[in-house]
Amino acid sequence: MSVLTLAACQSAPSTTAQETAITGLGFQHLPNYQHDVIGMQQDYLDPGFWLQRLAQPNQLIMSPAEIAAFNARSYDVQEEMVYIDQLPASYNREQLRQKIDGLSSIPKYDRFYANGEQATAEQLQAYRDAVNIDGIAADNPVRFGLVVKRSAMRTFPTFDKLYSEGLDTDIDRFQETGVFPGWPLAILHTSADGQWYLAQSYHYLAWIPVANVAIGERDEVLSFATKEPFAVVTEAKVETNYTPNHPPVSEVQLDMSTRLPLLSAAETGHIVHGQNPYASYTVQLPTRDAQGELDFSPALIARHNDVTVGYLPYTEANIVSQAFKFLGERYGWGHDYNARDCTGFVSEVYRTMGIEMPRNSSEQGYGAYGDTIVYDENSSNEAKLERLADAKIGDLIYLPGHVVMYIGEVNGEPYVIHDVHGMSYTDDNGERYDEGTLNGVSVTPLTKLGFGDNTYLDRIYAIKSVR
């Protein structure tokens, strides 16, 4: 059996009659094109290849009402998923201290800067001091805000990047996740320098720059996220239209799954920032005034962009189509590099259909939501293969620190799309290949991947149907 461990597939011309197989690796070789990803043909990089194989591509998997019930169950069983409207009005000193300690304690493992220098105890303590433990009051009221710009959320209130001992500089250990314009946040605390908020989103607590959040009244913030009608971004990234007279809403990046209220001509008139809005979607964007307070403004998204009114229907066709819109995007640990990682990838695909899930892979994989089978060290590969033989499009397959999405099978081999960092494998001739990297959203065979001496199949600990 061939084995593959996590590298990148370049884009290429469509398949031609001049293709010839590369012996032993199962690749296809095109003029002026080579790749080192086992088990791949150019057809497999076309979503149409997988779509045409679906028996009922447009059949609803869950209705909107069923999705709402599914989400409610997920919030009930996953403690890391939070209804921020149900948070207490304030936290006492000990409660807030526990939250900060859970996120921003001094690392247990050595950390290094990109130049190879190890962070000293004094440097690590400075990051800890920045969280402003001394500024915790006896009673700490919860405030609310809306994200106004795509933003990182961090372990500590700093943009300094620190890495593990191996100095893999694609993995910044202080990077936690990312949030997009319009996301509501509960604001729990402020850093010592006043430049960062400790913020709780629906599935994560971390530090966000003050400049990327506008503070508003509780009801104003919370109602924004539920306004109807609404638009959902269904492209990997779009931008609002350029406007010369209102920079806060000019060319604002909106990532897949961003939800924003739609405005009508009756609300905005027939000119929006100097442009007739009839050929665009007019959305309401949160903005931040000079005092950091919440304001709102209309913004236009040209209709040539992939935007839908309301969520997409939850169908196999939409799962595949949405996943492939990220194909080739560079891997971004914790939404770094203006991109996303494996769990961010699957979460944003599913959120275009209104489905919410936890942020981290272990929370997803072991999570009690969905139809989930969990395996342990005594589970056989045969049992996993039996489950994979019945896999449904969009099923999520979990390995330590990673998740992949099932998209179909070819000649009995399950294929997946995933946002993946490294790569190695053993080819059909028993030769080891571990110099590669994928570092992006990639289509690959599943059982041919590997971790060190183990295959992906060996390491699977959960398979989940989001149904």
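Use the structure listed above.
Here we summarise the structure given alongside this text. (Residues numbered from 1 in each chain as written. Predicted model: local features only at pLDDT ≥ 70, side-chain atom pairs only at ≥ 80, totals over all residues. Heavy atoms only, no water.)

Turning to the side chain of aspartate 255, a few remarks are in order. Of note, aspartate 255 is situated in strand E15 (residues 253-255). A distance of 2.8 Å separates polar atoms of two side chains, one belonging to aspartate 255 and the other to glutamine 253. Here aspartate 255 is in contact with Arg150, Phe180, Val233, Glu235, Ala236, Lys237 and Arg340, once residues within four sequence places are set aside. (Helix = DSSP H or I, 4+ residues; strand = E, 2+ residues; numbered from the N terminus. Polar contact = N/O pair within 3.5 Å; in protein donor to acceptor, adjacent residues only side chain to side chain. Contact = heavy atoms within 4.5 Å.)

Turning our eyes to something else, we now look at the environment of methionine 423. Residue placement: methionine 423 occurs in the loop between strand E23 (413-422) and strand E24 (425-426). Through-space distance from the C-alpha of methionine 423 to that of glutamate 363 is 24 Å; in sequence the pair is 60 residues apart.

One open sheet holds the 3 strands; their spatial order is E16-E13-E19, and the pairing between them is antiparallel. Every interior strand has two partners, whereas the edge strands, strand E16 (259-261) and strand E19 (307-309), have only one. Neighbour-to-neighbour, the strand axes of this sheet turn through a mean angle of 30 degrees, independent of strand direction. As defined by bridge partners, strand E13 (residues 230-233) adjoins E19 across 3 bridges and the pair is classed as antiparallel. Following the sheet pairing, valine 232 is matched in E19 by threonine 308. (Pairing = 2+ DSSP bridges. Axes fitted to C-alpha atoms, helices over the stretch in contact; angles between N-to-C directions.)

This paragraph deals with helix H3 (residues 93-104). Given a rise of 1.5 Å per residue, 12 residues ought to cover 16 Å, and the 16 Å separating the end C-alpha atoms of H3 matches this to within 8%. Along H3, the residues that are buried comprise Leu96, Ile100, Leu103 and Ser104. Buried residues of H3 fall within an arc of 70 degrees about the axis and therefore sit on the same side. More than 90 degrees from the buried face of H3, the exposed residues found are Gln98 and Gly102. (Expected span 1.5 Å × (residues − 1). Buried < 20%, exposed > 50% of the residue type's maximum accessible area, 1.4 Å probe, protein only. Arc of directions from axis to C-beta.)

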